[in-house]
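A closer look at the structure
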Amino acid sequence: MAEPESRQHIVIQSRDSQLALVQTHFVRDAILHQFPQLVVEVRSGKSLGDKVLDVPLAKIGEKGLFTKELEDALLNHEADIAVHSLKDVPTSMPAGLALGAILERHKPQDALVLRPDLSHLRLATLPAGAVVGTSSLRRRALLAHQFPHLKFCDVRGNVQTRLRKLDDPRNGFTALVLAVAGLQRLGLDQRVTEILENDGAHWFGYAVGQGALAVQCREQDERILPLLHHLHHYETAQRCGAERALMRELEGGCHAPIAVETTIKQTSDGATILTMTAAVYSLDGFQCVKDSLSGALSDAEALGRKLACTLRDSGAGPILVFIQADHEVGVAEHRKVVAAIQSQMDSV
């Protein structure tokens, strides 16, 4: 590996939310630990997804809601690196950009966060009509499928904003569902009431790529790529590669309720086996098509594509067609609002 030039200046682009900055500074510190002679600057700004808070994510109708502005900074050579939550990165990215590293995955599960005065409850004991706040179609559909007596309400904003909305009883929320990894990175472990883990009776898949950080850069950037090699975690990359291949094959995204679970084990003969479970839900959670496949970790993406085809052939195809049609109608309703906000952002 070529040594970087002394006092080489690197610019990392980030969103300006507290969680995004915590994650970006984690990557910055990891780079500086390996290459202390570098000068690493962090710049931040708002993405379209941060600006449009009064429209449900699935109705905005744009890919890369939380990544586009960061990617533009890379393409315009205003930054060298962008740090993302991998779950926010579309499975197809702009020409000229690549993922230079995927870091070791933190816990990918979701957490139930109850209002403090209701912390004695658990998901299985929430009463009928309890209001769960989430902006994720996947979380809404997965929970509605298994707990149809619950009600769901869209809630947007950064983690702290959502927690404040939960804690004020006037807003009517009983609980939120948030990523465990995000809460832990913010030092908010104490707000986790219950980690949603499989218990035999219930399956709690997570979002594609959830819990992993991705470092994006310009493709074949020989100055930057050597700085990222030590950050890359092979097993995480293979797991997430399988998940992203499945989503790409299903043409999903934040507009389709798709949940996944991937696990790795070593066999007695030394082989590394990846097992992947995935489910596609209807928007109301009533329908669910779920299946699992196992294969060699080295063939992760092929396994993801194969499982996607199995799901589609088992009944997920018509569900996805309906969701896409519903999405296009909703997007048409909100397109003018989003276009106006995007125009304001571009003029700044």
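Residues numbered from 1 in each chain as written. Predicted model: local features only at pLDDT ≥ 70, side-chain atom pairs only at ≥ 80, totals over all residues. Heavy atoms only, no water.

The name that an unreviewed UniProt entry assigns to the chain is hydroxymethylbilane synthase, with the source organism given as Euglenaria anabaena var. minor. According to the UniProt record, the Sequence similarities (unreviewed entry) comment for the chain reads "Belongs to the HMBS family." Quoted verbatim from the Pathway (unreviewed entry) field of the UniProt record, the comment on the chain reads "Porphyrin-containing compound metabolism; protoporphyrin-IX biosynthesis; coproporphyrinogen-III from 5-aminolevulinate: step 2/4." (UniProt positions renumbered as here; feature names shortened; annotations may be inferred.)

Re the overall build of the chain
When helices and strands are tallied, the chain shows nine helices and 13 strands. Buried residues in the chain amount to 52% of all 348 residues. If you take every contact in the chain between residues at least 6 apart in sequence, the share linking residues at least 24 apart comes to 71%. Total accessible area computed for the chain in this model is approximately 15,900 Å², and 51% of it derives from carbon and sulfur atoms. (Helix = DSSP H or I, 4+ residues; strand = E, 2+ residues; numbered from the N terminus. Buried < 20%, exposed > 50% of the residue type's maximum accessible area, 1.4 Å probe, protein only. Contact = heavy atoms within 4.5 Å. Areas by Shrake-Rupley, 256 points an atom, 1.4 Å probe, with all protein chains shown as cover.)

Regarding empty space enclosed by the protein
A full pass over the atoms with the stated rule returns one cavity of 30 Å³ or more. By volume, the largest cavity amounts to about 40 Å³. As for the largest cavity, its lining consists of D110, R138, R139, L142, L143, V177, L196, F204 and G205. Tallying contributions element by element places helix α5 (residues 137-146) first for the lining of the largest cavity, with four residues. Residue composition of the lining of the largest cavity, grouped by class: five nonpolar, one polar and three charged. (1 Å grid on protein atoms, 1.4 Å probe; cavity = no way out; pocket = protein on both sides within 12 Å on 5 of 7 lines; lining within 4 Å. Points joined across faces, edges and corners; volume = space filled by probe spheres on them. Nonpolar A, V, L, I, M, F, W, Y, C, P; charged D, E, K, R; others polar.)

Quick word on the pairing of strand β3 (residues 81-85)
Here β3 lies mainly inside the structure; five of its five residues are buried. Residues of β3 alternate between two faces, with I81, V83 and S85 on one and A82 and H84 on the opposite face, all of them buried. Relative to β3, strand β1 (residues 9-15) runs parallel, the two being bridged by two bridges. Looking at the pairing, Q13 lines up with A82 of β3. Across five bridges, β3 lies against strand β10 (residues 213-218) in antiparallel orientation. When the sheet's bridge partners are listed, A82 is paired in β10 with Q216. (Pairing = 2+ DSSP bridges.)

What to know about the packing of aromatic side chains
The relative placement of two aromatic rings is captured by the distance of their centres and the angle of their planes. Taken as a whole, this structure holds zero aromatic pairs when the rule is applied. The ring of W203 carries the charged tip of K290 above its face, separated from the ring centre by 5.1 Å. (Phe/Tyr/Trp six-rings, centres within 6.5 Å; stacked < 30°, edge-to-face > 60°. Lys NZ or Arg CZ within 6 Å of the ring centre and 35° of its normal.)

As for the side chain of E243
In this structure, E243 sits in helix α8 (residues 234-250). For E243, a relative accessible area of 0% puts it in the buried group. There is a polar contact of 2.9 Å between the side chain of E243 and the side chain of R105. The residues touching E243, leaving out its near neighbours within four places in the chain, are R105, Y206, A207, V208, G209, V260, T262 and M276. (Polar contact = N/O pair within 3.5 Å; in protein donor to acceptor, adjacent residues only side chain to side chain.)

Some points on helix α6 (residues 159-167)
Taken together, the buried positions of α6 are V159, Q160, R162, L163 and L166. Down the axis of α6, the sector holding all buried residues measures 160°, keeping them to one side. The elements touched by buried residues of α6 are α1 (18-34), β5 (110-114), β8 (175-179) and α7 (180-185). Its side-chain oxygen placed 3.2 Å from the backbone nitrogen of Q160, N158 serves as the N-cap of α6. (Arc of directions from axis to C-beta.)

Quick look at the sheet that holds β1
With mixed pairing, the five strands of this open sheet are ordered in space as β2-β1-β3-β10-β4. Taken across any chain shown, the strands that pair with only one partner, and hence form the sheet edges, are β2 (39-45) and β4 (97-102). If you compare each strand with its neighbour and ignore which way they point, the axes differ by 30° on average. (Axes fitted to C-alpha atoms, helices over the stretch in contact; angles between N-to-C directions.)

Some words on the sheet that holds strand β6 (residues 131-133)
Each strand in a sheet pairs with its neighbour through backbone hydrogen bonds, running either in the same direction (parallel) or in the opposite one (antiparallel). Here five strands make up an open sheet; going across it, the order is β7-β6-β8-β5-β9 and the pairing mixed. Every interior strand has two partners, whereas the edge strands, β7 (151-153) and β9 (194-195), have only one. Direction of pairing for β5 relative to β9: antiparallel, over a ladder of two bridges. Among the inter-strand pairings, A111 is bridged to a residue of β9, identified as I195. Most of the contacts of α6 go to β8, to which it runs at about 165°, and overall it touches β5 and β8.

With respect to the side chain of D80
Residue placement: D80 occurs in the loop between α4 (68-75) and β3. Among the polar contacts made by the side chain of D80, one reaches the side chain of R223 at a distance of 2.6 Å. Excluding residues within four positions of it along the chain, D80 makes contact with H9, I10, V11, L74, Q216, C217, R218, R223 and I224.

Concerning the environment of N158
Summarising the element assignment, N158 is placed in the loop between β7 and α6. Put simply, N158 and Q18 are 140 residues apart on the chain and 7.9 Å apart in space, counted from C-alpha to C-alpha. Polar contacts involving the side chain of N158 include one to the main-chain amide nitrogen of T161, which spans 2.8 Å.

A few points about unusual backbone geometry
You will see that H77, though not glycine, has its phi angle at about 60°, which is positive. Secondary-structure assignment places H77 in the loop between α4 and β3. Its relative accessible area of 59% is what places H77 among the exposed residues.

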